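# Tertiary structure, described
Chain residues, written in single-letter form:
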Amino acid sequence: QVQLVESGGGSVQAGGSLRLSCTTSGYTYGRYWLGWFRQPPGKEREGVAAIGSDGSTSYVAVVKGRFTISEDNAKNTLYLQMSSLQPEDTGMYYCAIRPGYAPGAPSLSRTYYTRWGQGTQVTVSS
């Protein structure tokens, strides 16, 4: 089974930047969606960004222009570059995968994703 491990979280001041990483194992590259999700304390988990095996990407509106999702196939690693961080970006960040074929842009709905990492905490102070 595919396994995912997040890293790169931490505590930063508003306006700062972080790059999250998600290393994957146990999966041979084929067709898939890879996504980043976050869960603030007391709130539901929400989709932040996703990338398909064809390179297509999706972003939730509040992070467009600030966050960039990418992957390095040679390193089996998914990235989320986060800039201009704000306190509302605080939460536990998870990466997840949906293996297999799916048409269209990758979805930000967590119901489509079947394997999840353990999460990495991001805290942004004002």
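Summary of the structure given here. Computed from a predicted model, the values in this text were never measured in an experiment.

## Quick notes on unusual backbone geometry
Although it is not a glycine, Asn76 sits at a positive phi angle of roughly 50°. Mapped onto the elements of the fold, Asn76 is located in the loop between β7 (67–72) and β8 (77–82). You can call Asn76 partly exposed: its relative accessible area is 29%. A positive phi is found at Ser84, a non-glycine position, where the angle reads about 50°. Within the secondary structure layout, Ser84 lies in the loop between β8 and β9 (91–99). By relative accessible area, which is 38% here, Ser84 ends up partly exposed.

## A closer look at the state of the cysteines
Within the structure shown, the criterion is met by one disulfide. Each disulfide pairs two cysteine sulfurs, and for Cys22 the partner residue is Cys95, the sulfurs being separated by 2.0 Å. Around the S-S axis, the bridge from Cys22 to Cys95 shows a dihedral of about 65° and counts as right-handed. You can see Cys22 sitting in strand β3 (residues 18–25) and its partner Cys95 sitting in strand β9, a full 73 residues away along the chain. For the residue pair Cys22 and Cys95, the accessibility class agrees, reading buried in each case.

Calculation rules
Residues numbered from 1 in each chain as written. Predicted model: local features only at pLDDT ≥ 70, side-chain atom pairs only at ≥ 80, totals over all residues. Heavy atoms only, no water. Helix = DSSP H or I, 4+ residues; strand = E, 2+ residues; numbered from the N terminus. Buried < 20%, exposed > 50% of the residue type's maximum accessible area, 1.4 Å probe, protein only. Disulfide = S-S within 2.5 Å.

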